[in-house]
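Survey of secondary and tertiary structure
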Amino acid sequence: MNTITRLFDIPYHQLSTHPLESTFATKYNGQWEKTSTAEYIKKANIVSRGLLRLGIQKNDKIAVISSTNRTEWHVLDIGILQIGAQNVPIYPTINLEDFEYILNHSECKYCFVSDQELWEKITSIKSKLPHLITIFTFDKVPNAHHWQEILNIGVDESNQPDVEARKDSIQKDDLATIIYTSGTTSRPKGVMLSHWNIISNILNCQDRLPIQKGATALSFLPVCHVFERMLTYLYQYDCLNIYFAESLDKISDNLREVKPHIITVVPRLIEKIYEKIFAKGAELKGLKRKLFFWALELGFAYEPYGANGVWYEMQLKIARKLIFSKWREALGGRVEMIVSGSAALSTRLAKVFSAAGLTIMEGYGLTETAPVIAVNRESGRYWKIGTVGKPVNNVLVKIADDGEILVKGENVMLGYYKDAEKTAESLSDGFFHTGDIGELDAEGFLKITDRKKEIFKTSGGKYVSPQLIENQLKHSRFIENAMVVGEGEKMPAAILQLNFPFVKEWARRHKIQVGNTNEEIIKNETVRSRIAEEVEKVNSHLGKWEQVKLFDFTPDEWSIDAGHLTPTLKLKRRIIKEKYIDIYNKFYNK
């Protein structure tokens, strides 16, 4: 009988079933510092007592902004939740205008930030935040309030009965968190999730992540995003040791140190890993080079469950021993599962990594669904590459007449904070309208084809699915990012960001002079001709009306900081179009 109904029940569940010496491990000054289950609960209670002494009431909001995942975030999270307040996690990379909007819209009373840079950012707008009382930091920052102040005032246990009373008063359907979506076109929306929204999702995903108690997970995707946050709760529920990567730059080192059994990724990270592997393979000579590219081609043809036959499986066994074993070593040597979410994963990469014994299970969900709707699973033939798997237990998925994916279940949000109108627009008859277009095949596997709002119509009245074309364009090693445009125009066109390091390496190998700067590279006619070949490859698989007839390059490398991408690496279409309006106008002679 499940007794876990509120998020703060999870640490206590771990303590009673399988207490760990390293529930969390964060690296400070070059050393991993571990926090046991018992210490985790002790510190969370200290935080709760300290917050009560600061006057925090039930349903008060507290913002948490961290540049990296770390133990303090999770201790603070439980400390906030078990006194009935709400944790409002915020992406560290958004602009000041969005920080101001979210902190004011949520009426946060306190804000916890990880480091000096974030402290300076929030301090610079504090005069515009009438509800915010104090900013605390996890790192020691000159002139800032350190979060140790909360721990100091919470050491006195005399008000622990007040903490217990608060805990007892909290019901499973009470609001636990408000997560602001990183809107691609408009102001962020505050998604209200209850304790049970997330807990039910954890329970319904149990059969999709068969990882043994005591295994190790490496966490590096932003915990402010619902995908990683829900999984860290799931890891805790399943009694896994969670290590927090130092940064994206140090993931390779951390993978080798920690040797995790499970990691979560977004497709862009898999693409980056593959690019590094390919670059090293391309430098090989003679037989080693031939073997590397033979293994790659074999991997790209991979199908699960031995579908390619005995001869293929025999070759694959050799490839795994000679080539792919090095891929596994690079990820620590113990990875049993890679879970991919947030965006569509290239089928070629899903195949080649799975062929290498690094099984990638692609899933699908949204902040509003807390988040998992569907996910693949290797056992029981629940895995089909090119799909996001079958819907998880107790989550109903149906496809509307216009192709939109509709979802019903206990994981569906309470609504959007202070926005009844948008809530009513997205929820009807108990179903959440995802805004994604997809299909369920005869076996019940869900495939995502596009975003409803992003599909556009050309002047000829033909519908174009830009995301579908963009994903195919990004299969090319020459193309880092692509945005297809053409709403209301005669034909589609593409604004492209080249994979500049790869283009330079390609030019070097072929003894082509392309210049040193990005500006020089995008003007080079040989480069343009080569990219035209890549675009034509994609066009050969498209209907005549959706073929990319025009394309041009940006000298910039698209990034979160520069405003091209959301924190989950989705395109900010309106902003990209505005930035490169000259390219757009040139396409259509405006």
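Provided above is the structure to which this section pertains.
Residues numbered from 1 in each chain as written. Predicted model: local features only at pLDDT ≥ 70, side-chain atom pairs only at ≥ 80, totals over all residues. Heavy atoms only, no water.

**Focus: the overall build of the chain**
Looking only at helices and strands, the chain has 21 helices and 27 strands in total. Taken over C-alpha atoms, the radius of gyration comes to 25 Å for the chain, in line with the 25 Å a tight globule of 590 residues would show. The principal-axis extent of the C-alpha atoms belonging to the chain is close to 75 × 55 × 50 Å. Across the 590 residues in the chain, those meeting the buried criterion constitute 56%. Across the chain, every contact between residues at least 6 apart in sequence was considered, and the portion connecting residues at least 24 apart equals 66%. About 25600 Å² of surface is accessible on the chain, with carbon and sulfur atoms providing 51% of the total. (Helix = DSSP H or I, 4+ residues; strand = E, 2+ residues; numbered from the N terminus. Rg over C-alpha atoms; globule rule 2.2 N^0.38 Å. Buried < 20%, exposed > 50% of the residue type's maximum accessible area, 1.4 Å probe, protein only. Contact = heavy atoms within 4.5 Å. Areas by Shrake-Rupley, 256 points an atom, 1.4 Å probe, with all protein chains shown as cover.)

**Side note on empty space enclosed by the protein**
Tallied over the entire structure, the rule returns 2 cavities of 30 Å³ or more. Empty space within the largest cavity amounts to approximately 40 Å³. Lining the largest cavity we find Leu-345, Ala-350, Ile-360, Glu-362, Asn-376, Trp-383, Lys-384, Ile-385, Gly-386 and Thr-387. Of the residues in the lining of the largest cavity, the class split is 5 nonpolar, 3 polar and 2 charged. Approximately 40 Å³ is the volume attributed to the second largest cavity. Surrounding the second largest cavity, Val-64, Ile-65, Ser-66, Asn-69, Trp-73, Ile-90, Pro-222, Val-223 and Cys-224 form its lining. In the lining of the second largest cavity, the residues fall into 7 nonpolar, 2 polar and no charged. (1 Å grid on protein atoms, 1.4 Å probe; cavity = no way out; pocket = protein on both sides within 12 Å on 5 of 7 lines; lining within 4 Å. Points joined across faces, edges and corners; volume = space filled by probe spheres on them. Nonpolar A, V, L, I, M, F, W, Y, C, P; charged D, E, K, R; others polar.)

**Things to note about the environment of Ile-583**
Within the secondary structure, Ile-583 sits in helix α21 (residues 581-587). For the pair Ile-583 and Tyr-180, spaced 403 residues apart in sequence, the C-alpha separation works out to 32 Å. Residues within four places of Ile-583 in sequence aside, it is in contact with Ile-495, Asp-552, Phe-553 and Thr-554.

**Points about the packing of aromatic side chains**
Counting across every chain of the model gives 22 aromatic pairs. Seen from their ring centres, Phe-324 and Trp-327 are 5.0 Å apart, and the 80° between their planes marks the pair as edge-to-face. Taken together, the residues span about one helical turn, with Phe-324 and Trp-327 both in helix α13 (residues 310-330) at a distance of 3 residues. Its relative accessible area of 4% is what places Trp-327 among the buried residues. Three or more aromatic residues joined by ring pairs make a cluster, and in this case those are Tyr-274, Phe-278, Phe-292, Phe-293, Phe-300, Phe-478, Phe-502 and Trp-506. Over the aromatic face of Tyr-382 sits the side chain of Arg-377, whose NZ or CZ is 4.2 Å from the ring centroid. A cation over a ring is seen here: Lys-577 above Tyr-584, with NZ or CZ 4.3 Å from the ring centre. (Phe/Tyr/Trp six-rings, centres within 6.5 Å; stacked < 30°, edge-to-face > 60°. Lys NZ or Arg CZ within 6 Å of the ring centre and 35° of its normal.)

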